[in-house]
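Observations on the three-dimensional arrangement
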Amino acid sequence: MSGKEVSLKKNFIMNAALGMSAFIFPLVTAPYVLRVLGPEGNGKVSFATSVVSYFALFSQLGIPTYGVRACAEVRDDREALSRCVEELLFINLVMSAVSYAAFFAAVFLVPNFRENKELFFIASWTILFNCIGMEWLFKGLEKYRYITIRSLIFKVIALVVMFAIVRTRDDTAAYAFTTVLAASASGVMNLFYARKYVDLKPIGSLNFRRHMKAVGIFFAMACASTIYTHLDVVMLGFMTTDTDVGYYHAAVRVKQILVSIVISLGTVLLPRASYYVKQGRMEEFWRISGKALNFVMLAASPLALYFILFAKEGIRFLSGNEYGGSVLPMQIIMPTLLFIGLTNIMGIQILVPTGREKIVLHSMIAGSVVDLILNTMLIPHMRSSGAAIGTVAAEFAVLVWQYLFLRKEIHPLVEKIRFGLIAVALAAGSVASILVKRVLPSDSALQCFVILLISAVLFFGVYGGILLAGRESLVTEITGQVLRKIGIGKERR
């Protein structure tokens, strides 16, 4: 086993740990925050952060994705890497200044924004922190151990601060501050730590023009993606009430937590895939791509199905009985776990490293158009459920578009996925777990937690057991590695 392969596995473990922290942090905070602030307070914070995300998007100009590829390609040359980072950072700083100017104008000119300008100003700190954080540099260098440890530290700090300052329904500003602290404040640390890998000082003439075409395409991709991922919340905020936004946010929050787990492998594969393409090592590129597609099918399918079956218990445990309006939107939106997982691999790991960003862009534009049309038609009548339908349709449109362009290349990879075995395992897991909710009461948060705990052990235990008994290749490989790590299995020679 090569050192690079070991590094890739460590990166996946670190990123999976980061994904789990993204799961655990809201799992700890959500039951408290959702109850303290209520649907209306959560809706206000969600609306503010969604609007600010558009200004943050403009300031980033597609660099978060393009920067990973650009840094990965020159990571073995410190001078070239330093030059690349300085050029991208300068572009980022200029666009952040422009974005802030537009943001302040919008806050004072738009009545919906002006009413909660304090929330908007607090949320806007993400624009600056994301800029100076240069997360794309550390991902390009595959420094996932640093990213994970740093993120965990700031999440713990934010957790402590949140319990200390968020006490009543009027503490929406305090909660907005803790979300910024948990998500973006680590950018300050990145600015100093980056000096270990690059020289942030004048190193001669800089060539910004060489990045502009690619940055423009990635920016358009980011625009299209952000439009259909945040458009639902923004349109709900304008067309309905803060309470409806709060219902929808509770459902989307669960989805976002699960998505971070599903895409954890694809995230760490982008710099490695870009490196393989640059080196002409296409056999290794397609090998890891096939494993990634298989991983998404194995992980996303059971997560989506389980949380459709146990949406009511999940919402009651995390949010309380006040959020009954979140159950149906959550059930509707769960299939996006699979759609997003697959498009993350096809788009970000296959199309982007091979220089076909325009296909990804066109797929996202298609998703944005579908989302806009359906949101306009459905939100006035179905409110949060209508927004959920629009999101599912948008993600499916992105998936279909990308698959049509890649079907010949990925068909040999898809053929290796054992769909029949996965379907049997899902059915068996569902039967084993569904009886729990019919036997146990679910009137309180504690009772819902007990149901979720027992049903999850049964569902995922049976699901994993059948895959292992059927000798599914990836499950067998991972199980063997775990057993060898703890000294039970035999070492391969």
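Below is a short write-up of the structure. These numbers come from a predicted model, not from an experiment.

Right, let's get into the overall build of the protein. Secondary structure assignment for the protein yields 22 helices and 0 strands. Scored against the burial criterion, the 493 residues of the protein give a buried share of 53%. Counting contacts in the protein only where the partners sit at least 6 residues apart, residues at least 24 apart contribute 84% of the total. A total of about 21,300 Å² of accessible surface is found on the protein, and carbon and sulfur atoms cover 67% of it.

Take the environment of Ile153 next. Tracing the chain through its elements places Ile153 in helix α8 (residues 144-165). As a C-alpha pair, Ile153 and Ser186 span 33 residues in sequence and 8.9 Å in three-dimensional space.

Turning to helix α12 (residues 242-262), a few remarks are in order. Between its first and last C-alpha, α12 extends 30 Å over 21 residues, near the 30 Å set by a 1.5 Å rise per residue. Buried residues dominate α12, accounting for 16 of its 21 residues.

Tracing the sequence through the fold places Ser433 in helix α20 (residues 419-439). Judged by its relative accessible area of 0%, Ser433 falls in the buried class. Within the local environment of Ser433, its side chain forms a polar contact with the backbone oxygen of Gly429, the two atoms lying 2.9 Å apart. Other than its neighbours up to four places away in sequence, Ser433 contacts Phe310, Ser455, Leu458 and Phe459.

This paragraph deals with a nonpolar patch on the surface. On the surface, Val439, Leu440, Leu446, Phe449, Val450, Leu453, Ile454, Val457 and Leu458 cluster together into a nonpolar patch covering about 780 Å² of accessible area. Tracing the sequence through the fold places Val450 in helix α21 (residues 445-469).

Attention now goes to the packing of helix α17 (residues 336-351) against helix α19 (residues 384-415). For the pair α17 and α19, the least separation of the axes is 9 Å and the interaxial angle reads 45°. The orientation of α17 relative to α19 falls into the category oblique. Of the two possible hands of crossing, α17 and α19 adopt the one that is left-handed. Contacts between α17 and α19 involve Thr336, Phe339, Ile340, Leu342, Thr343, Met346, Gly347, Ile350 and Leu351 from the former and Thr391, Val392, Glu395, Phe396, Val398, Leu399, Gln402, Tyr403, Leu406 and Ile410 from the latter.

Criteria and thresholds
- Residues numbered from 1 in each chain as written.
- Predicted model: local features only at pLDDT ≥ 70, side-chain atom pairs only at ≥ 80, totals over all residues.
- Heavy atoms only, no water.
- Helix = DSSP H or I, 4+ residues; strand = E, 2+ residues; numbered from the N terminus.
- Buried < 20%, exposed > 50% of the residue type's maximum accessible area, 1.4 Å probe, protein only.
- Contact = heavy atoms within 4.5 Å.
- Areas by Shrake-Rupley, 256 points an atom, 1.4 Å probe, with all protein chains shown as cover.
- Expected span 1.5 Å × (residues − 1).
- Polar contact = N/O pair within 3.5 Å; in protein donor to acceptor, adjacent residues only side chain to side chain.
- Patch = residues over 30% accessible without salt bridge, like charges linked within 9 Å, V, L, I, M, F, W, Y side chains within 5 Å.
- Salt bridge = Lys/Arg side-chain N within 4 Å of Asp/Glu carboxyl O.
- Axes fitted to C-alpha atoms, helices over the stretch in contact; angles between N-to-C directions.
- Parallel < 35°, antiparallel > 145°, perpendicular 65-115°, else oblique.
- Left-handed = near helix turned anticlockwise from the far one by under 90°.

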